Each structure stands twice: as structure tokens, then as C-alpha cells.
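Spelled out, the chains give:
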Amino acid sequence: MKSKHLLIWLTMIVLSAAVLHAQEKEKSQATVKYISIESVYIDAGRDDGLAAGDTVQVVRDNQIVAYVVIKNIAKNSASCQVIRSVINIKTGDKINLPHARPVESLTIHTTAEENQQKVSRHVRSMDRANRVRGYISTQNSIQIDDTGRNLTSMQPGFSGILRVENLFNSGIDFRMRQRSRYHKRSSGYDALDRDSAWQNRFFEFSFSQTDHDADWQYGIGRVFSPHIRGIGYIDGAHISRRVSERVRLGVAAGADPDEQTLNVNGSRNKFGAFATVEAGSYENKRLASTMAYAGSYDTGTVNREFLYLQNNFYWAKRLSLYQNVEVDFNRGWRKDAAGTAVSFSNFYLSANMKVWRFISMYFSYDARKNVRTIQTMHTPDSLFDDALRTGLSSGFVFAPGSRMRGGINASMRFPDNGMAGIISGSAYYSIRHFPRRGQSMAVRFSYFNTQFTNAFRPTLNYRIPLLHRLFLNLNTGSYIYQTASFVTTSYYYEVQADYSFWQRYYFSTNYRQYLDSILQSKQIYVELGVNL
């Protein structure tokens, strides 16, 4: 009887071991399905025992390729961030799940314990709640007039960018961006101009989750939609959902913000909806396209309604293309002002191409113009500038070594208001560790030509390290304007010092003196700040 019971127990143990072995074999590995510039996507999720913060191995041919940490996770999929790699990850590489036995690597020459310590430290730093980033600084800009016209001015101010990441481990970030300046003048420019005034701008004040790889993205407050660029900032909310590995859909709605205050302007509203499609990866070829429809309204009156289309194409490090266009749909007063129901408002195209090992070329075509809004609906046609400023621009950038860099560019614009074209261009050259190690020198020459004026601006910059974290910049240059009847020349020299101390604090000061008899002024700038 005892032997019978023993046989049954042995049979159950063997069967259990076989089942466990089969399950382990079945779920021991996942597969890399898609790679973006920021993340690696795998076909395993919560149902496979994974959790956000887990660190897993990427393997190929039984060798470790990289370590990745799980950032966002769903039932049967997850997005990961690379924290250490030996070679580039490829689609089809395998992922060792946490319960799988790690493979041996012939290419990583540190012990498993050392690897785990490095990975754990990285994960702890990534997952830390309430991490504060940004800066706070105070500045003062002084213009001293030496002409006797009593035009001296002072402009103290402060600005800052604050970002608190992962508030209380919620995955939500708090963001604020603000700038305030006080214009203090010795006298107004005219009878209606005040001697002094505050200027405050609150660009952003929001709670958001904008991780590129998260299934859901959202924000509330004074926010900027990362996908509907034409709508600008709104006092409201935006939300989007990744419906597949390639497609994201979303909407945004709110009031048009008063940038001078945090007050909400409820009489002017905005909304928008978009669809984004991404295909490929930055390792080879990638195409990202966004189509959005947006509208704004003031107390029920149409301000603007338009369709926005944007395309980005990237081919390894050889070629990148960017294009956007806006198509306005005009009705009501807008149709009367534009004279048509549909109009192309803005078109822009740019291309960057690597033509040789250390030479790249860029080209752009710009056909953007001003668009009438409610603020300008009653502006006479003679005063409203809606001319297409069609322009072409092209140039080269060359970097024959790690110490040298230079470039040359030229552009031409063709106004539609009967004026002659505007030609401009510039060339620059910089060299590091010249004439001594740690020092650098740069020279630039700019030029533009209009129907009435030729202008030239040569500049020279010399940067010297004086002490640890203390740098001195010596600059000189001139402004030369030539018309049919006279030539105006202004010369200046400039001294700038930058110093960082106590790891996070920085101090910068700048002094510019004009040497000619026309401007006769001094400019002084001082800034003190802290990196958070």
C-alpha cells in the first residue's frame, strides 16, 4: 500500500515538473516587434508576468544584446527603454522574461552581479517620484544712452521652467514656464508711451502625461498639444490614444489663453482633432504623418478653421524631409475677406542631405503668409500685409574634423507686393583648441540686400577658459548699412563671462560698448540662476 502511494506521489511530481517545464518553455521568451527612436516594443505584458520597472535581457543567438526596462505595459504588450546595449537591437530579437534562465554572454565582460547593480541603480533613478527639473533665473538688462536724448532704459526680470516628474508615482508631470520683465525707461518714446510697465507671460501651467510611448497621452491646464501644432496653447485639455503600434488619435479643446496672466478667456474657444501614423524606425527608414483639423471661435463668430498636414521622412543618417501645409476653410466674414471658400495659407518644405563624409546640404521652400483673424477683420487691405513671402534657402555645412566646423547659406525671398526680391546670406567658420587647447575662435560674415539697402555684418568671437568653470568670451563686430545716398557704420566690442559654481548655480554677465558716433550707448546684462 505504501509503495502504491509512493508511486502515485512520484507520478504527480513528474507530471507537475513536466507541466512546469512546458509552461516555462512556452513563456520563457518574448519577441521585439517594433523599434522607435525612443522605445523597443515587445509582444509580452502583464499576462506573462511582467510589470512596469522590470529589467529584462534582449538576446540574439544565445548572446546578450542589451538590457531594457519596462516603461509602459498592457495585457499582452509593453514598451521598453534601453539602459545598456552591446550592439543595436533588431526586430525579431528575443526577450528573456523574468522567470527565464539568463543566457551567457561572450561580449559583456562584467559579472552578472555588477550588471544587476548597474541596472538596479538605473531603474531606481528612473522611477524616482517627484523629480524636479528646470531652472530659475533673474536678469537685468541696462541700455545706457550717451547721445543726450535721455533714452536710457533698464529691464529687470526673472524667468523659469519648472517640471516635476512622476508626481507621487502617478506618472503625471507638472510643468510651468513663465517670464516676467519690468520695462523702466528714463522717458517715453512719445506722449502716449508710458515710462515703465510690467510684462508678464505665463506660457504653460499644466499637469500632463506626454510619454511618447504611452498608450494614453493627456494634459490639463494651460497646455500645448504635441500633435496639433497649429492650435497653439489652450486653457483646457488634450487627450490621445495609441490605437495600434503605428496609429494615434486624439483631440484638444479649450479657451484661447491670455498670455499676460493666468486668467481664462472664456469668450474665445479652440478645438482640434488629429490622426498620426508612424512607420519604420530611425535605424533604417521612418515616415511620420499627422493630419489635424482645428478651429477657433470668438463669442460664436468664426475666427479660423483649417486643415493641417505634416510629414516627416527620415532615412538613416543620409536624408531627412519635413513638410507642412495649412488649408483654410473660409465662411462668413472670412470668405468675404479672402474672396474664396478654400485657401492655402501656409506651405513649408525643408530637406537635409549628407552629400559626403563630412559635408551636408540643406534646402527649404517657404510660402507662409499672415492669416486674417477677428483682431484684423476690420483692418483695411492697404494696411493688412497678407502678401506671400515666398522664399528659397539653401546651404552647406562642413565638419572635416572634430575641431573644425563651417557653413555657408543663401536665401532669396519674393514679396507679392511689387517690391524687389530680398537676398541674404552668411558664412561662418569655427575652430576649437586654437590657438591653444581649450580655446576657440569663430568668424562670421552676414549680408542682405533689399530694394533700398545693402547691409553687411562681420563678427569675430574668441573664447578663453580662465579657471575651472569660468569662461571669457571676447567679441567684436560692426553693422554697415549702405543706401543710394549715404553709408552708416557702427562698431562695437563685447566682453562676456560665464561661471558655474556649487554644481547647480550659474552666473553670466555681458558688457557691450559701441564706438561710433551714431549709437553712442553701452549695454550691460547680468544673469544669476540655478539649475533644478
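Residues numbered from 1 in each chain as written. Predicted model: local features only at pLDDT ≥ 70, side-chain atom pairs only at ≥ 80, totals over all residues. Heavy atoms only, no water.

A.B. asks: Help me understand the pattern of salt bridges in this model?
C.D. replies: Think of it this way: side chains of opposite charge can pair up when their charged atoms draw near. Inspection of every chain in the model, using the stated rule, returns 17 salt bridges. Note that arginine 133 and glutamate 165 form a salt bridge whose closest N and O atoms lie 3.2 Å from each other. Remark: glutamate 165 occurs in strand β8 (residues 153-165) and arginine 133 occurs in strand β7 (residues 131-145); sequence separation between them is 32 residues. Judged by relative accessible area, which is 17%, glutamate 165 ranks as buried. (Salt bridge = Lys/Arg side-chain N within 4 Å of Asp/Glu carboxyl O. Helix = DSSP H or I, 4+ residues; strand = E, 2+ residues; numbered from the N terminus. Buried < 20%, exposed > 50% of the residue type's maximum accessible area, 1.4 Å probe, protein only.)

A.B. asks: Just checking my understanding: could you explain the environment of serine 360 for this structure?
C.D. replies: By the element assignment, serine 360 lies in strand β19 (residues 359-366). For serine 360, a relative accessible area of 30% puts it in the partly exposed group. For the pair serine 360 and glycine 407, spaced 47 residues apart in sequence, the C-alpha separation works out to 9.5 Å. For serine 360, the residues in contact, after removing those within four places along its chain, are Met353, Lys354, Val355, Gly395, Phe396 and Val397. (Contact = heavy atoms within 4.5 Å.)

A.B. asks: Even after reading the chapter, I still don't get the packing of aromatic side chains, so can you show me in this structure?
C.D. replies: A ring pair, where both rings are aromatic, is described by two values, the distance of the centres and the angle of the planes. Counted under the stated rule, the structure contains 19 aromatic pairs. On the numbers, 6.3 Å between centres and 35 degrees between planes, the contact of phenylalanine 445 with phenylalanine 456 is tilted. Pair noted here: phenylalanine 445 is in strand β23 (residues 440-449) and phenylalanine 456 is in strand β24 (residues 454-467), with a separation of 11 residues, a long-range link. With relative accessibility at 40%, the residue phenylalanine 445 sits in the partly exposed group. When the ring centre of tryptophan 315 is taken as origin, the NZ or CZ atom of lysine 285, which lies over that ring, is 5.0 Å away. The ring of phenylalanine 306 has arginine 304 lying over it, and the distance from NZ or CZ to the ring centre is 4.1 Å. (Phe/Tyr/Trp six-rings, centres within 6.5 Å; stacked < 30°, edge-to-face > 60°. Lys NZ or Arg CZ within 6 Å of the ring centre and 35° of its normal.)

A.B. asks: Mind showing me how you'd approach the sheet that holds strand β6 (residues 94-96) here?
C.D. replies: Each strand in a sheet pairs with another by means of backbone hydrogen bonds, the pair being arranged parallel or else antiparallel. The sheet built from six strands closes into a barrel, its strands ordered β1-β2-β5-β4-β3-β6 with antiparallel pairing. On average, each strand axis in the sheet is inclined to that of its neighbour by 45 degrees, with strand direction left out of account. Relative to strand β4 (residues 63-73), strand β3 (residues 55-60) runs antiparallel, the two sharing six bridges. By the bridge assignment, threonine 55 is partnered in β4 with valine 69. (Pairing = 2+ DSSP bridges. Axes fitted to C-alpha atoms, helices over the stretch in contact; angles between N-to-C directions.)

A.B. asks: Just checking my understanding: could you explain the nonpolar core for this structure?
C.D. replies: Side chains that are nonpolar tend, in soluble globular proteins, to be buried together. If you look at the biggest cluster of nonpolar residues, it comprises 19 residues, and the most contacted ones within it are Val32, Ile42, Leu50, Val58, Ile70, Ile89 and Ile95. Those elements that provide at least two residues to this core are β1 (29-35), β2 (40-42), β3, β4 and β5 (78-85). Per-element accounting of this core gives the leading share, five residues, to β4. In this structure, Phe274, Ala292, Ala294 and Phe306 belong to the second largest nonpolar core, which totals 10 residues. (Core = buried A, V, L, I, M, F, W, Y, C linked by side-chain atoms within 4.5 Å.)

A.B. asks: Please explain the pairing of β23 as it appears in this structure.
C.D. replies: Successive residues of a regular strand alternate their side chains across the two faces of the sheet. With 10 bridges joining them, strand β22 (residues 422-432) and β23 adopt antiparallel strand pairing. Counted as the bridge partner of tyrosine 428 is arginine 444 from β23. Counting the residues that bridge the hairpin from β23 to β24 gives four residues.

A.B. asks: What is the right way to look at the confidence of the model for the chain in this model?
C.D. replies: Low pLDDT marks stretches whose predicted atomic positions should not be read closely. Of the residues in the chain, 83% reach a pLDDT of 70 or more, and the chain-wide mean stands at 81. Low pLDDT (under 50) marks residues 1-26, which in the prediction has one contact with non-local residues, meaning those over four places away or in another chain. Here residues 100-127 is modelled with pLDDT under 50, and outside its nearest four sequence neighbours on either side it reaches 42 contacts, counting other chains as well. (pLDDT = per-residue confidence, 0-100.)

A.B. asks: What's the story with the environment of phenylalanine 158 in this structure? I'm lost.
C.D. replies: Structurally, the position occupied by phenylalanine 158 is in strand β8. Classification of phenylalanine 158 by relative accessible area gives partly exposed; the value is 40%. Separated by 24 residues in the primary sequence, phenylalanine 158 and tyrosine 182 place their C-alpha atoms 9.3 Å from one another. Excluding residues within four positions of it along the chain, phenylalanine 158 makes contact with Ser137, Thr138, Gln139, Gln178, Arg179 and Ser180.

A.B. asks: What is the right way to read a nonpolar patch on the surface from this model?
C.D. replies: Together, Met353, Val355, Trp356, Phe396 and Ile408 give the surface a local cluster of nonpolar side chains, amounting to about 500 Å² of exposed area. Inspection of the secondary structure assignment puts phenylalanine 396 in strand β20 (residues 390-398). Exposure remark for phenylalanine 396: the relative accessible area of 37% places this residue in the partly exposed category. (Patch = residues over 30% accessible without salt bridge, like charges linked within 9 Å, V, L, I, M, F, W, Y side chains within 5 Å. Areas by Shrake-Rupley, 256 points an atom, 1.4 Å probe, with all protein chains shown as cover.)

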